[in-house]
Amino acid sequence: MTTSTVACRQASEQDLDQLAEIIEGYARQGIMLPRTKEMLRYSLDSFVVAEVDGKLIGCGSLCQLGQDLVEIRSLGISNGYKGQGIGRKLVETLVKQAKAAGIPKVMALTYEDAFFQRVGFTVVEKEIFPEKVWKDCIHCSKQHCCDEIAVLMEL
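Residues numbered from 1 in each chain as written. Predicted model: local features only at pLDDT ≥ 70, side-chain atom pairs only at ≥ 80, totals over all residues. Heavy atoms only, no water.

A. Just helix α3 (residues 86-100), in detail. Compared with the 21 Å implied by 1.5 Å per residue over 15 residues, the 21 Å span of α3 between its first and last C-alpha is a close match. Regarding α3, the residues found buried are I86, G87, L90, V91, L94, V95 and A98. G102 sits one or two positions beyond α3 and adopts a positive phi of about 75°. (Helix = DSSP H or I, 4+ residues; strand = E, 2+ residues; numbered from the N terminus. Expected span 1.5 Å × (residues − 1). Buried < 20%, exposed > 50% of the residue type's maximum accessible area, 1.4 Å probe, protein only.)

Next up, the structure:
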């Protein structure tokens, strides 16, 4: 398989089961927050998916944290498709959406900081994102011992 056959598009209602499956796989490993199908349905318009030959193999979403800041979240690739440029295509699609919306900063909390640096992000201190802390981190079991790395791209 080559990345030239990967297509990114907006998620639809028909994608819910596959989205939930990808995210649950990462959540079981403790590297992504779990999302119920109801949560996914509610935020479906923020998701993009990657597919190969009509098969959904990756996802990611944008969450607005403030007027000038969005977060890339729920970025995941199905087993067997990692390391083929699919994550890069998803991130590029999400960054284009942020740019089109006039939002100048895109951040993520990640364990894959090297990947994000390769696609143009810079490692920063998490504390510069109080919007994220108050929106999500207060509900996280790792709130006081967070080991994720914050990355930022300024558009």
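B. Expanded view of the nonpolar core. L19, I72, I86, V91, F116 and F121 are the most contacted members of the largest nonpolar core, which totals 39 residues. Of all elements in the fold, only α1 (16-28), β2 (47-52), β3 (55-66), β4 (69-77), α3, β5 (105-110), α4 (113-118) and β7 (149-154) reach the threshold of two or more residues within this core. Counting residues in each nonpolar core, the second largest holds eight residues, with C63, L69, F129 and A150 among its members. (Core = buried A, V, L, I, M, F, W, Y, C linked by side-chain atoms within 4.5 Å.)

C. A look at the sheet that holds strand β1 (residues 6-10). Strand order across the open sheet formed by seven strands is β1-β2-β3-β4-β5-β7-β6, with mixed pairing between neighbours. Only two strands of the sheet have a single partner each, and these edge strands are β1 and β6 (122-124). Adjacent strand axes in the sheet meet at a mean angle of 30° when their direction is disregarded. Alignment of β4 against β5, held across three bridges, turns out to be parallel. (Pairing = 2+ DSSP bridges. Axes fitted to C-alpha atoms, helices over the stretch in contact; angles between N-to-C directions.)

D. Representation of the environment of T110. As for its position among the elements, T110 is in strand β5. Separated by 37 residues in sequence, T110 and D147 have C-alpha atoms that sit 8.8 Å apart. Those residues in contact with T110 that sit more than four places away from it in its chain are F116, E148, I149 and V151. Polar side-chain contacts of T110 include one of 2.7 Å to the backbone nitrogen of E112. (Contact = heavy atoms within 4.5 Å. Polar contact = N/O pair within 3.5 Å; in protein donor to acceptor, adjacent residues only side chain to side chain.)

E. Seen up close, unusual backbone geometry. Here D53, not a glycine, exhibits a phi torsion of approximately 50°, which is positive. Checked against the element boundaries, D53 lands in the loop between β2 and β3.

F. Spatial organisation of the pairing of β4. Burial analysis of β4 places eight of its nine residues in the buried class, the great majority of the element. The pairing of β3 with β4 spans seven bridges and is antiparallel. Pairing of Q64 across the sheet is with V70, part of β4. Counting the residues in the hairpin turn of β3 and β4 gives two residues.

G. Here's a closer look at the side chain of R73. Structurally, R73 can be placed in strand β4. Take R73: its relative accessible area is 14%, and that puts it in the buried class. Within the structure, R73 has its side chain in polar contact with the side chain of E71 (distance 3.3 Å).

H. Seen up close, the environment of L152. Structurally, L152 can be placed in strand β7. Considering only alpha carbons, one finds L152 and Q117, 35 residues apart in sequence, at a separation of 9.1 Å. Ignoring sequence-local partners within four residues, the contact set of L152 consists of K105, V106, M107, F121, T122, V124 and F129.

Nothing here speaks to function; it is all geometry.
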